[in-house]
Amino acid sequence: MKISFLGHATLLVETAAHSILIDPFITGNEKAAGKVNIEDLNPDFILLTHAHQDHILDVEPIAKQSGATIVSNYEIAMHYQAKGFEVHPMNHGGSWEFPFGKVKYTQAIHTSSFPDGTYGGQPGGFILTADNKRVYIAGDTALTLDMKLIPEWGKLNLAVLPIGDNFTMGVSDAVIASDLIKCNKVLGYHYDTFGYIEIDHQRAKAKFDAAGKKLHLLEIGASLEV
Ligand code: NI
Ligand code: MN
């Protein structure tokens, strides 16, 4: 499984046979300009953790050009179904076997309104199991004791955790989260995009190192193999 960081909280997961785009926010991200073009994205599925603009901005053009099925909570799925898109609604605690693998929709402590203020259901994250690998994509969330349940559902090969602070966990809480989920290999996301969430990369990596863990911070467009 190959995971590419497309800036902010946008990930492209490529399994042996499918590609899955998560939380596309590209055209609104100055830092992704010239590095990622939405015209180049042709995912089979688009997974959305919640309805905030910095997670859904580019869903519609990408879903239109690719015909991707949009997977999210019930309210977000219905929002896109009403606009004519293919959707698969889920809710917290539920799992589904998709053609590429299994997805479980997990708890997140956050909010989830659409940019116009309408209700976007409750925010979540995903456990994605494909190609015999398991990745936890936390979504925008605080540190929460619910994370203790994550390893009950199988050993993780990688966790993608927000580290930008202010709107989500910061680095110190992400280190604790890594303990709760029993996964020492972490890809950080949701940092540096705008002023509220700028972090010191070296200090962040050092905090993980000191705990015997590894924090990966990828350049926009770069990827890692799980
Ligand atoms: Ni958010
Ligand atoms: Mn966000």
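Note: the structure precedes this text.
Residues numbered from 1 in each chain as written. Chains lettered and ligands numbered in written order. Predicted model: local features only at pLDDT ≥ 70, side-chain atom pairs only at ≥ 80, totals over all residues. Heavy atoms only, no water.

*Asks:* Describe the environment of Ala142, with residues and values.
*Replies:* For Ala142, the position within the fold is in the loop between strand S10 (133-137) and strand S11 (158-162). Judged by its relative accessible area of 26%, Ala142 is partly exposed. The spatial distance from the C-alpha of Ala142 to the C-alpha of Gly195 is 19 Å, given a sequence separation of 53 residues. Ala142 has contacts with Ile109, Met147 and Met169, leaving out every residue within four places of it along the chain. (Helix = DSSP H or I, 4+ residues; strand = E, 2+ residues; numbered from the N terminus. Buried < 20%, exposed > 50% of the residue type's maximum accessible area, 1.4 Å probe, protein only. Contact = heavy atoms within 4.5 Å.)

*Asks:* Let's hear about the coordination of the manganese ion (ligand 2): which residues, and what values?
*Replies:* Put simply, a metal with four donors set out as a tetrahedron has ideal angles of 109.5 degrees, and one with six donors set out as an octahedron has ideal angles of 90 or 180 degrees. Protein ligation of the manganese ion (ligand 2) involves Asp54 (OD), His55 (NE2), Asp140 (OD) and His190 (NE2), the donor distances falling in the range 2.1 to 2.2 Å. Sequence positions of the residues that donate to the manganese ion (ligand 2) give the spacing D-H-x84-D-x49-H. Separating the manganese ion (ligand 2) from the nickel ion (ligand 1) is a gap of 3.0 Å, bridged by Asp140, which donates to each. With His55 in helix H1 (residues 53-56) and Asp140 in the loop between S10 and S11, this residue pair connects regions lying 85 residues apart in the sequence. (Donors = N, O, S within 2.8 Å, 3.2 Å for Na, K, Ca; no water.)

*Asks:* Any chance you could break down the coordination of the nickel ion (ligand 1) for me, citing the residues and the numbers?
*Replies:* Of the protein atoms, only His50 (NE2), His52 (ND1), His110 (NE2) and Asp140 (OD) coordinate the nickel ion (ligand 1), at distances of 2.2 to 2.4 Å. Taken together, the four donor atoms coordinating the nickel ion (ligand 1) and their angles of 87 to 176° define a geometry best described as irregular. Of note, the donors binding the nickel ion (ligand 1) are all from one chain and are spaced H-x1-H-x57-H-x29-D. Owing to a relative accessible area of 16%, His52 belongs among the buried residues under this scheme. (Tetrahedral: all angles 85-135°; square planar, octahedral: opposite > 155°, others 65-115°.)

*Asks:* Any chance you could break down the pattern of salt bridges for me, citing the residues and the numbers?
*Replies:* Counted according to the given criterion, the structure contains three salt bridges. Put simply, Glu60 and Lys83 hold a salt bridge, and the shortest N to O gap is 2.8 Å. With Glu60 in helix H2 (residues 59-66) and Lys83 in the loop between helix H3 (74-81) and strand S6 (87-90), this pair connects stretches of sequence that are 23 residues apart. Between Lys213 and Asp179 there is a salt bridge; the shortest N-O distance is 2.7 Å. Remark: Asp179 occurs in helix H4 (residues 171-180) and Lys213 occurs in the loop between helix H5 (201-210) and strand S13 (214-216); sequence separation between them is 34 residues. Take Lys213: its relative accessible area is 6%, and that puts it in the buried class. For Asp179, a relative accessible area of 47% translates into the label partly exposed. (Salt bridge = Lys/Arg side-chain N within 4 Å of Asp/Glu carboxyl O.)

*Asks:* Describe unusual backbone geometry, listing the residues and the values that go with them.
*Replies:* Notably, Asp23 is not glycine yet its phi reads approximately 50°, a positive angle. On the basis of relative accessible area, Asp23 is assigned to the buried category, the value being 0%. Backbone geometry at His190 places phi at a positive 60°, although glycine is not the residue there. By secondary structure assignment, the location of His190 is in the loop between strand S12 (185-189) and H5.

*Asks:* Which residues make up the side chain of Thr193, and what are the values?
*Replies:* Relative to the elements of secondary structure, Thr193 occurs in the loop between S12 and H5. Polar side-chain contacts of Thr193 include one of 2.6 Å to the side chain of His8. Beyond its immediate stretch of four places on either side in the chain, Thr193 contacts His8, Phe25, Asn29 and Lys31. (Polar contact = N/O pair within 3.5 Å; in protein donor to acceptor, adjacent residues only side chain to side chain.)

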